Amino acid sequence: MASLFWSALQAVIDGLLTGSLYSLIGMGMALIFGVMRIVNFAHGAFMMLSMYVTYLLFDRLGVTPYLGFLAAAAVLFVIGFATYHGLLRWVNERSEFMIILITLGIAQMFIGGAQLTFSGDFHKVNTPLSGALVHLGSHITLNGGDVLSFVISVALAIGMFLFVMKSRFGRALRAIAQNRYAASLIGINVQRTQAVAFGLGVAAVGLAGGLFLPAFYLYPEVGSGFNLKSFVMVVLGGMGSIEGAAIAGLVLGVVESLTSLYWGNQWAVVVDFVIFLLVLSLRPAGLFGSQRV
Amino acid sequence: MTQRRAILAAVGFALCLLVPLVVQQDYQLNVLFRIALFSALGMAWNLVGGYAGQLSLGHAAFFGIGAYALPLFHDKLGVPIPLALVLVIVAAVAAAYVIGRVSFRLRGPYFALATIAFAEVLRLSVKNLEVTGGDVGLQVPALFGSISPTRWFYLAAVVLAAAALAATAWIVRSRFGYQLQAVREDEDTARACGIDPARTKLNALIISAAFTALGGALYASQYFFIVPDSVLAIDLSERPAISAMLGGAGTMTGPIVGAILIETALELFKNVFHEAFQLIFGVLLVLVVLFLPEGIVGTLASWWRRKRAS
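Looking only at helices and strands, one finds 12 helices and two strands in chain A. Listed N to C, the secondary structure of chain A is α-α-α-α-α-β-β-α-α-α-α-α-α-α in terms of helices and strands. For 293 residues, the compact-globule formula gives about 19 Å, and the C-alpha radius of gyration of chain A, at 19 Å, lands near that figure. The principal-axis extent of the C-alpha atoms belonging to chain A is close to 60 × 45 × 30 Å. The proportion of buried residues among the 293 residues of chain A is 51%.

Shown next, in the form of structure tokens:
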């Protein structure tokens, strides 16, 4: 009985550790899809790019991923900003269909580019931290690297939430989401604000990618599974709700971890999608809070 | 005008049937088989994505259901092949009913996301269930005998494509077709005119799913062996959508033009550029969205209309 309890608790804590990184991915998508309504099928590809940047920093310069992820996020911000300005800006006013197709194309470009540059080889980064184990009492054992990335991502998630809710930029962005035309009338530079927001969303998934690097094998398709997952978080958290997506990330982490424990690893993602379909059909406004911008 | 087009289509169909007299090599016939197959899939997708305006990105589900239903019914349950093909359609229609009932309550991107989620749940389940052979996959019964089967697969795909074209032509002129387009243009107004949008969209999805599943069964039998990642991959949902939209979504011949271009391009890129083909494919997709948003046939048609008007 007691051991059942401890294994479940261990799974919940492991889930929260992974979920904190999901939160960053979900918050990025909440900015891009939830607030700006850009259906971004390149989210996973952006994450993959960030992992390669972090990997290169580690491999060539010996920078630990726990610092490298910041540089990667900065690079991703620039890439995201440029992607919006160069490509998405031209289709943003058109149908969602076009946005889906162009982001699919962008994802293919990035994945194909990575394939060409780095080949399809698998890479793995080992840091001293990811081997270190932290014991909480006699029953719970945690991976040192995961604990560090949890602390970092919670801090970043809170920072990002405050930035979007309190800063002048965040207010401008939310004004655009409510009414583009009125926002431009009161002197908000719509295109620049959206480009910065897209860059921020991409930088958020970049942060998660860098922090995820020690936990995953790296290859060009590594991010593909995260596209749908990030939409799941946005819908679960309620469209337009940044904090909702963050909480949804934690929920998803725990659900996956518990599913792995009781039904096996292979069903974890299935449960994600089933929850997604249930939420879409039963409570489209999301689990947390009402629909708002 | 309509009659001339019908004659043109019939002549084209006859020419396609004669191709195996000229092209004998299996490799080339195989490429032609895929072009015909993806034309059919593109036209099937076009009913939902083009005419009804519902961006489905989960058609891999119907394709995979067709691919898996054939060996499951024939080999596991001993159903003879003609009846198994009928059951393939029944299975796809049932799946379309379930998926449609849930997804069509959603609009815009949510619909697209729900269809992907269904396809992924199906793929992952098939991957992990015993009866479907899991990751190892299943052997698929041969639809055609051993004497030059590639030729027969090609011909079957041409017939499927012709049937899809005929169905599209009939639907576009029917009351049902106008209802579909009304729903696409404005769902609320369509409802005000007495159209039941949910039922209209569901019917379109059911027809589309039946064609897609037959295509899946054909594909599976041609490749003899199937695994979840080959017949239920997201890629199979994207390709018909991309060919339909490259040619022109909501146009009758658009999906054929798109499938010819995409399948030829993929084949060429794979042989000529090897590793770079995915990169080039992505660049092309971006360029099409930026510069040919109505697709090739759509752009040509509006250019032609403008020219005649002036």
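After that view, the rundown keeps rolling.
Attention now goes to the overall build of chain B. If you tally the helices and strands in chain B, you get 14 helices and two strands. The C-alpha radius of gyration computed for chain B amounts to 19 Å, which stays within 12% of the reference 19 Å derived for 310 residues, consistent with globular compactness. The C-alpha extent of chain B, read off along each of the three principal axes, is 60 × 45 × 40 Å. The buried share among the 310 residues of chain B stands at 50%. Within chain B, contacts between residues at least 6 apart in sequence are counted, and of these 77% link residues at least 24 apart.

Attention now moves to the nonpolar core. Residue and element names in this part refer to chain B. Membership of the largest hydrophobic core comes to 195 residues, with the highest contact counts inside it found for Ala40, Ala157 and Ala213. In terms of residue count, helix 2 (residues 26-51) provides more of this core than any other element does, 15 residues in total. Setting aside anything within four residues of it in sequence, one finds Ala213 in contact with Phe62, Phe63, Ile65, Gly66, Val88, Ile89, Ala91 and Ala92.

Attention now goes to the pairing of strand 2 (residues 140-143) of chain A. Residues and elements named next belong to chain A. Sheet analysis places strand 1 (residues 133-136) next to strand 2, joined by four bridges and oriented antiparallel. Note on strand 2: the bridge partner recorded for Leu133 is Asn143. Adjacent in sequence and paired antiparallel, strand 1 and strand 2 are bridged by three residues, among which Gly137 carries a positive phi angle near 65°.

Now for the interface of chain B and chain A. Listed per partner, the contact involves 31 residues of chain B and 33 residues of chain A. When residues of the side of chain B that touches chain A are traced back to their parent elements, those giving at least two are helix 5 (109-128), helix 11 (234-247) and helix 13 (277-291) of chain B. Sort the elements by how many residues they give to the side of chain B that touches chain A and helix 5 of chain B lands first, with 12 residues.

We now examine the packing of helix 1 (residues 2-35) of chain A against helix 11 (residues 242-263) of chain A. Residue and element names in this part refer to chain A. Following both chains from N to C, one finds helix 1 and helix 11 inclined at 145°, their axes separated by 5 Å at the closest point. The hand of the helix 1/helix 11 crossing is right-handed. A class-by-class count of the residues in the contact of helix 1 with helix 11 yields 18 nonpolar, 11 polar and two charged.

All names here are of chain A. Positionally, Thr127 belongs in the loop between helix 4 (96-118) and helix 5 (128-131). Residue Thr127 is classed as partly exposed on the basis of its 16 C-beta neighbours within 10 Å. Spatially, the C-alpha atoms of Thr127 and Pro65 are 8.2 Å apart, while their sequence positions differ by 62 residues. The residues contacting Thr127, other than those within four sequence positions of it, are Thr64, Pro65, Gly145 and Pro214.

So, on to the confidence of the model for chain A. The pLDDT averaged across chain A works out to 88; a share of 96% of its residues lies at or above 70. Across chain A, the element-wise mean pLDDT spans from 74 in helix 5 of chain A up to 94 in helix 2 (residues 43-61) of chain A.

For helix 3 (residues 65-91) of chain A, the principal kink sits at His85 of chain A and spans about 45°. Inspection of helix 3 of chain A places Pro65, Gly68, Phe69, Ala72, Ala73, Val75, Leu76, Gly80, Thr83, Tyr84, Leu88 and Val91 of chain A among the buried residues, and these make up the whole buried set. In this structure, the buried side of helix 3 of chain A is in contact with helix 2, helix 4 and helix 9 (190-212) of chain A together with helix 13 of chain B.

All names here are of chain B. Relative to each other, helix 2 and helix 11 sit at 80°, their axes nearing to 8 Å. The orientation of helix 2 relative to helix 11 falls into the category roughly perpendicular. Taking contact as the criterion, the partners of Phe38, Leu41, Gly42, Trp45, Asn46, Gly49 and Gly50 in helix 2 are, on helix 11, Arg239, Pro240, Ala241, Ser243 and Ala244. Broken down by class, the residue content of the contact of helix 2 with helix 11 amounts to six nonpolar, five polar and one charged.

Peptide bonds are trans in most cases, and residues, glycine excluded, mostly fall at negative phi. Here Arg37 of chain A, not a glycine, exhibits a phi torsion of approximately 60°, which is positive. For Arg37 of chain A, the position within the fold is in the loop between helix 1 and helix 2. Given 15 C-beta atoms within a 10 Å radius, Arg37 of chain A is considered partly exposed. Positive phi, normally seen in glycine, also occurs at Phe224 of chain B, with a value near 75°. Relative to the elements of secondary structure, Phe224 of chain B occurs in the loop between helix 9 (197-223) and strand 2 (225-226). Here Phe224 of chain B falls in the exposed class, since 11 other C-beta atoms lie within 10 Å of it.

Another point: the environment of Leu136 of chain A. All names here are of chain A. Structurally, the position occupied by Leu136 is in strand 1. For Leu136, a count of 12 C-beta atoms within 10 Å gives the class exposed. Put simply, Leu136 and Leu261 are 125 residues apart on the chain and 20 Å apart in space, counted from C-alpha to C-alpha.

Another point: the confidence of the model for chain B. Here chain B shows a mean pLDDT of 88. Residues at 70 or above account for 99%. Taken together, the chains of this predicted complex give a pTM of 0.89 and an interface ipTM of 0.86.

Its axis deflected by about 30° at Met29 of chain A, helix 1 of chain A carries its strongest bend there. Remark: Arg37 of chain A follows helix 1 of chain A within two positions and exhibits a positive phi of approximately 60°.

Residues and elements named next belong to chain A. With respect to the helices and strands, Thr103 occurs in helix 4. Through-space distance from the C-alpha of Thr103 to that of Phe198 is 13 Å; in sequence the pair is 95 residues apart. Residues in contact with Thr103, not counting those within four places in the same chain, are Val39, Asn40, Phe41 and Ala42.

Criteria and cut-off values
- Residues numbered from 1 in each chain as written.
- Chains lettered and ligands numbered in written order.
- Predicted model: local features only at pLDDT ≥ 70, side-chain atom pairs only at ≥ 80, totals over all residues.
- Helix = DSSP H or I, 4+ residues; strand = E, 2+ residues; numbered from the N terminus.
- Rg over C-alpha atoms; globule rule 2.2 N^0.38 Å.
- Buried ≥ 20, exposed ≤ 12 C-beta atoms within 10 Å, placed from the backbone.
- Contact = placed C-beta atoms within 7 Å.
- Core = buried A, V, L, I, M, F, W, Y, C linked by C-beta atoms within 7 Å.
- Pairing = 2+ DSSP bridges.
- Axes fitted to C-alpha atoms, helices over the stretch in contact; angles between N-to-C directions.
- Left-handed = near helix turned anticlockwise from the far one by under 90°.
- Nonpolar A, V, L, I, M, F, W, Y, C, P; charged D, E, K, R; others polar.
- pLDDT = per-residue confidence, 0-100.
- Bend = angle between axes of the 7 residues up to and from the residue.
- Parallel < 35°, antiparallel > 145°, perpendicular 65-115°, else oblique.

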